[in-house]
Amino acid sequence: MNALNQKLQIIFPNSIAVTIKREDLLHPVVSGNKFRKLKYNLLQAKAENKKTLLTFGGAFSNHIAAVAFAAQEQGLQSIGIIRGDELRDKIDSNPTLQFAQECGMQFEFISREEYRLKSESSFLDELKQQFGDFYLVPEGGTNALAIEGCQEILTDEDSAFDYICCAVGTGGTISGIINSALPHQKVLGFPALKGDFLQDEIRIFVQNQNWELLTDYHFGGYGKVNEDLIYFINQFYIENQIPLDPVYTGKMVFGVMDLIQKNYFPAHSNILLIHTGGLQGIFGMNERLKNKQLPTINIDV
Ligand SMILES: *Cc1c(COP(=O)(O)O)cnc(C)c1O
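Residues numbered from 1 in each chain as written. Predicted model: local features only at pLDDT ≥ 70, side-chain atom pairs only at ≥ 80, totals over all residues. Heavy atoms only, no water.

### Structural notes on the side chain of Thr52
And then number 1: You can see Thr52 is positioned in strand 3 (residues 52–57).
And then number 2: The class for Thr52 is buried, based on a relative accessible area of 11%.
And then number 3: Contact partners of Thr52, with chain neighbours within four places excluded, come to Leu76, Gln77, Ile79, Asp133, Phe134 and Tyr135. (Helix = DSSP H or I, 4+ residues; strand = E, 2+ residues; numbered from the N terminus. Buried < 20%, exposed > 50% of the residue type's maximum accessible area, 1.4 Å probe, protein only. Contact = heavy atoms within 4.5 Å.)

### Concerning the domain arrangement of the protein chain
And then number 1: For the protein chain, the assigned domains read domain 1 (4–29 + 145–291) and domain 2 (32–141).
And then number 2: The C-alpha-based centres of domain 1 and domain 2 are spaced at 25 Å.
And then number 3: At the junction of the two partners, domain 1 supplies 25 residues and domain 2 supplies 22 residues.
And then number 4: Summed over both sides, the interface of domain 1 with domain 2 buries roughly 2,100 Å², with 58% coming from carbon and sulfur.
And then number 5: On inspection of domain 1 and its partner domain 2, the count reaches two salt bridges. (Domains from an automatic or database assignment. Buried area = accessible area lost by both parts, 1.4 Å probe. Salt bridge = Lys/Arg side-chain N within 4 Å of Asp/Glu carboxyl O.)

### As for the pairing of strand 4 (residues 77–83)
And then number 1: Burial runs high along strand 4: five of the seven residues are buried.
And then number 2: In this structure, strand 3 lies alongside strand 4, joined through six bridges in parallel fashion. Note on strand 4: the bridge partner recorded for Leu53 is Ser78.
And then number 3: Regarding topology, helix 2 (residues 62–73) serves as the crossover connection from strand 3 to the parallel strand 4, and that connection is right-handed.
And then number 4: In terms of strand pairing, strand 4 meets strand 5 (residues 106–110) through five bridges, oriented parallel. Across the sheet, residue Ile79 finds its bridge partner in strand 5, namely Gln106.
And then number 5: Remark: the strand 4/helix 3 (residues 95–102)/strand 5 crossover connection has right-handed handedness. (Pairing = 2+ DSSP bridges. Right-handed = clockwise from strand over helix to strand, strands pointing away.)

### Some points on the sheet that holds strand 1 (residues 5–7)
And then number 1: In spatial order, the strands read 1-2-10-7-8-9; together these six strands make up an open sheet with mixed pairing. Each edge of the sheet is formed by a strand with only one pairing partner; in this case those strands are strand 1 and strand 9 (211–213). Here the strands of the sheet are splayed against their neighbours by 25° on average, with no regard to which way each runs.
And then number 2: With six bridges connecting them, strand 7 (residues 163–168) and strand 8 (residues 186–191) associate as parallel partners. (Axes fitted to C-alpha atoms, helices over the stretch in contact; angles between N-to-C directions.)

### Thoughts on the site of the ligand
And then number 1: As a structural note, the neighbourhood of the ligand is formed by 15 residues, with Lys34, Lys37, Thr170, Thr173 and Thr276 the closest of them.
And then number 2: Within the backbone of Gly171, one N or O atom sits 2.8 Å away from an oxygen atom of the ligand.
And then number 3: In this structure, an oxygen atom belonging to the ligand sits 3.3 Å away from a main-chain N or O atom of Gly172.
And then number 4: When isolated, the ligand has an accessible area of 380 Å², and the protein chains bury 98% of it.
And then number 5: Going through the elements one at a time, helix 1 (32–47) and helix 7 (172–180) are the ones with two or more residues in the shell around the ligand.
And then number 6: The biggest single contributor to the shell around the ligand is helix 1, with three residues.
And then number 7: Split by residue class, the shell around the ligand holds two nonpolar, eleven polar and two charged.
And then number 8: There are two domains that each give the shell around the ligand at least three residues, and those are domain 1 (4–29 + 145–291) and domain 2 (32–141). (Near = heavy atom within 4 Å. Polar contact = N/O pair within 3.5 Å; in protein donor to acceptor, adjacent residues only side chain to side chain. Areas by Shrake-Rupley, 256 points an atom, 1.4 Å probe, with all protein chains shown as cover. Nonpolar A, V, L, I, M, F, W, Y, C, P; charged D, E, K, R; others polar.)

### Considerations on the sheet that holds strand 3
And then number 1: Strand order in this open sheet of four strands is 5-4-3-6, and the pairing throughout is parallel. Only two strands of the sheet have a single partner each, and these edge strands are strand 5 and strand 6 (135–137). Each adjacent strand pair in this sheet contributes to an overall mean axis angle of 20°, direction not counted.
And then number 2: Here helix 5 (residues 121–131) sits on the sheet in contact with strand 3, strand 4, strand 5 and strand 6, set at roughly 135° to strand 3.

### A look at the UniProt feature "active site" (unreviewed entry) in the protein chain
And then number 1: In the UniProt entry, the feature "active site" (unreviewed entry) is given for Ser61.
And then number 2: Its location among the elements puts Ser61 in the loop between strand 3 and helix 2.
And then number 3: Setting aside its immediate chain neighbours within four residues, Ser61 contacts Thr96 and Gln280. (UniProt positions renumbered as here; feature names shortened; annotations may be inferred.)

### Points about the pattern of salt bridges
And then number 1: With the rule as written, the count across this model stands at 14 salt bridges.
And then number 2: Between Lys186 and Glu212 there is a salt bridge whose closest N-O contact spans 2.7 Å. Of this pair, Lys186 sits in strand 8 while Glu212 sits in strand 9, placing them 26 residues apart in sequence.
And then number 3: Glu212 gets classed as partly exposed once you look at its relative accessible area, which sits at 29%.
And then number 4: Notably, a salt bridge pairs Asp258 with Lys262, separated by 2.7 Å at the nearest N-O pair.
And then number 5: Overall, Lys262 belongs to the exposed group, its relative accessible area being 58%.
And then number 6: In this structure, a network of salt bridges that share partners links the residues Glu48, Lys50 and Asp133.

As structure tokens, this is what we get:
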């Protein structure tokens, strides 16, 4: 048995079995898929003799936290281009940015309008003028090297699973999983955001057809939650001692449990859930929930 795989002790209907791959345990900070996505990019940055990583992200981004930490660990500088001018004075009340800053990340806060230019070469040239030479890691960390890293999530020991389920943001992680899944396996993606563009993004990176996106579990969009989701995450933790994050893995696992209830899966299905990590996002989410006087996530991570 793969050391990261943990079978849920819950009794499911129709002899369905569910196992969760604890990629959240890969690394205390750069957990899960962000660790996988950075692996070959860090090697490439070193090979190109780069001294600085530059990347993009929002206020509570797991990716920003991961890049800041990985850069520090590798003795590289890091620059985070952060979406939202207004965050400049709010670093102290934002656990993600505070963490990244403690890792030595230098921030540049830009407006949402400017942020939309992030892939344009003229904008990147301006950044080179401002910061000097850097290794560019795209927003969310998805590029060909990231997908190579995510192809290492599934191993030979996972061949007995019929379904492999994972949360989807930019589509990089699921692309790696699709590329390494076996022909008898079906990969189910649960987008954490609204938007029809993901199908096309994923098709850029994969050839296999054995995958599908289930788009009903975004809870209103990226970073949006409701009380049902918070309740589910807390209850899942009590029952299984497995922490889920509110932005990605909580929504995916909620979706899978709902589909099991609705008899989506045939009897005797052997399902693997990929826990992609992201637990640092709980702190920021709890701040927001407290401000709105909503129930918070009761998980010590
Ligand atoms: C970023 C992230 C994802 C989404 O990964 P993509 O490769 O962008 O689709 C899923 N889960 C967690 C915990 C993440 O941080």
